[in-house]
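What the coordinates show
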Amino acid sequence: MKVLIQNGTVVDPASGVHEKRDIWIDGSRISPPAAHADTVIDASGKIVCPGLIDIHMHEDPVDSEGRLEAYDDKSVFACMLRMGVTTAVAGNCGENKYHPADYLDLVDRDGAPVNVAMLAGHGFFRHLAGCHDRYAPASSAQRAQMARELEAALDRGCLGISYGIRYEPGMDAEELIETAAGCRKQGKLIAAHIRDDAKQVFGAAREFLDAGLTLGVPMQVSHIGSMAGFGQMAAFLELIDEYRRKRPDICCDCYPYDAFSTDLGSATYDEGWLDRYGCGYDVLELCLPEYRGQRCTEEIFRKVRAEKPDCKTICYVMRQADVDLAYRHEAVMVASDATLDRGMGHPRAAGTFPRVLGQYVRNGVLTLDDAIRRMTVLPARQLGLSAKGHLSAGADADVLIFDPETVNDRATFAEPLTPPAGIAWVLLGGKPVLRDGLILDRRAGRSVRG
């Protein structure tokens, strides 16, 4: 099928294009102009850009019968599609909800609302190797098992290895370097939720970046707003620049909110967290129906942490000025860190990209071209996805069409799944899968492998 998108303003930072022109699609690829089109999409008054790539998010679970829980409006992949994301990179922070290579096979078998890439989560494989105490070091035999199984996941198409050093504090640099050996062989990236944040963020960043330099691989520091967004961002970005002078393929990701989200039972909330953030229990909101719209107390914190440690939280402690500063650095990508639990969670899952395209662009924090660059070509290059992130002939025909005047997030902390405004069309592999916020096809997505 041949598709013509006409009358829109094409913004393609990979090729430096920002002008009114037509986009032609033949089958699943961007193509040269043709004599006729089977489908014509009028993009008058709209921006036409490459489909967005969310380089840091957390996948939908797999049910007991081996099927993705990805097809209703509460799924995180459905939220991705409604934001204009066409490729979602899951398995971040060392976490996989299912064997990551098997997950890619499930996506190819059943489809998904978006294309799905996976990172192999070190924490998942650490658990498989028998390291059930997150505070304990791994044995040499366990490290060797992790290295073998992580490399096998890379061989099956995972784009890199993710680490949740904060969540597995028993690991050390030796474990990181040994288990990432497959990335060294294949030139794939390592990404990390580093060991510490706030005033301790600098040593934590050096630990990860020094290991990456030893390995000689691309690196990604995860969600830096929630790591250095407490008054440390300017100095943290200087540290990133220091390492980028040694390896220019070091990048970071950041979501555009001043509150973070993680499980209540995670090491983030171990003893000392109140002093670290200089706060009280009331900075927390628990993502459980019985506590919806309430702030936490010490009694609730201790009860729920003991009984439901996987409860998602929202922690209102970050500085918006630090988040804005992060987006002014050339190597910082927009990413959602999206994660949902039965439809509850942080609004970043449904609002990140429209929030940046709307508020951040209209308020002058970013230009439109720079915002799109951080959502398309920059993550595509970081991942080595040469067919994505641009609209040149031969590229995958993943396309977003949005209204620059009305695009905005509408998800809130009270209603985190509210779809955004201004997303007119999304095409996945040349096929229209969303129109004016309505999902047309929830199974057009396939795996993205490297």
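Throughout what follows, the structure given in this document is the object of discussion. Computed from a predicted structure; not experimentally measured.

**Concerning the overall build of the protein**
A tally of regular secondary structure across the protein gives 15 helices and 25 strands. In terms of overall dimensions, the protein is globule-like: its C-alpha atoms have a radius of gyration of 21 Å, near the 22 Å expected for 450 residues. Overall, the protein is about 65 × 50 × 45 Å in size when its C-alpha atoms are taken along their principal axes. In the protein, once contacts between residues fewer than 6 apart in sequence are set aside, the share between residues at least 24 apart is 76%.

**Re helix H4 (residues 140–155)**
With 16 residues, H4 extends 23 Å between its outermost C-alpha atoms, agreeing within 8% with the 22 Å of an ideal straight helix rising 1.5 Å per residue. Residues Gln 142, Arg 143, Met 146, Ala 147, Leu 150, Glu 151, Ala 153 and Leu 154 constitute the buried set of H4. Buried residues of H4 fall within an arc of 160° about the axis and therefore sit on the same side. Opposite the buried face of H4, by more than 90 degrees, sit the exposed residues Ala 141, Arg 148 and Asp 155. Looking at the buried side of H4, the elements it contacts are helix H2 (100–110), strand S11 (120–121), helix H3 (122–128), strand S12 (160–164), helix H5 (173–179) and helix H6 (181–186). Looking one or two residues past H4, Gly 157 carries a phi angle of roughly 120°, positive in sign.

**Describing the pairing of strand S18 (residues 312–315)**
Alternating positions in S18 separate into two faces, Lys 312 and Ile 314 on one and Thr 313 and Cys 315 on the other, with burial throughout. Where strand S17 (residues 284–286) lies against S18, three bridges are found, and the strand directions are antiparallel. Looking at the pairing, Leu 286 lines up with Thr 313 of S18.

**Thoughts on the side chain of Glu 168**
Locating Glu 168 in the fold gives a position in the loop between S12 and H5. Setting aside anything within four residues of it in sequence, one finds Glu 168 in contact with Gly 123, Arg 126 and Arg 134.

**Focus on the sheet that holds strand S8 (residues 52–54)**
Reading across the sheet, the three strands line up as S8-S9-S10 and stay open at both edges, with parallel pairing between neighbours. Two strands bound the open sheet, and with one partner strand each, they are S8 and strand S10 (115–118). Put simply, the sheet's adjacent strands are angled 20° from each other on average, direction ignored. For strand S9 (residues 85–90) and S10, the ladder comprises four bridges, and the chain directions are parallel. Along S10, the bridge assignment pairs Ala 90 with Met 118.

**A look at the packing of helix H1 (residues 76–83) against helix H13 (residues 348–362)**
Between H1 and H13, the shortest axis-to-axis distance is 8 Å and the interhelical angle comes to 15°. Judged by the inter-axis angle, H1 sits roughly parallel to H13. By crossing handedness, the relation of H1 to H13 is classed as right-handed. In contact with Val 76, Cys 79, Met 80 and Met 83 of H1, H13 contributes Arg 348, Ala 349, Ala 350, Gly 351, Thr 352, Phe 353 and Pro 354. Residue classes in the contact of H1 with H13 are distributed as eight nonpolar, two polar and one charged.

So, how was this worked out
Residues numbered from 1 in each chain as written. Predicted model: local features only at pLDDT ≥ 70, side-chain atom pairs only at ≥ 80, totals over all residues. Heavy atoms only, no water. Helix = DSSP H or I, 4+ residues; strand = E, 2+ residues; numbered from the N terminus. Rg over C-alpha atoms; globule rule 2.2 N^0.38 Å. Contact = heavy atoms within 4.5 Å. Expected span 1.5 Å × (residues − 1). Buried < 20%, exposed > 50% of the residue type's maximum accessible area, 1.4 Å probe, protein only. Arc of directions from axis to C-beta. Pairing = 2+ DSSP bridges. Axes fitted to C-alpha atoms, helices over the stretch in contact; angles between N-to-C directions. Parallel < 35°, antiparallel > 145°, perpendicular 65-115°, else oblique. Left-handed = near helix turned anticlockwise from the far one by under 90°. Nonpolar A, V, L, I, M, F, W, Y, C, P; charged D, E, K, R; others polar.

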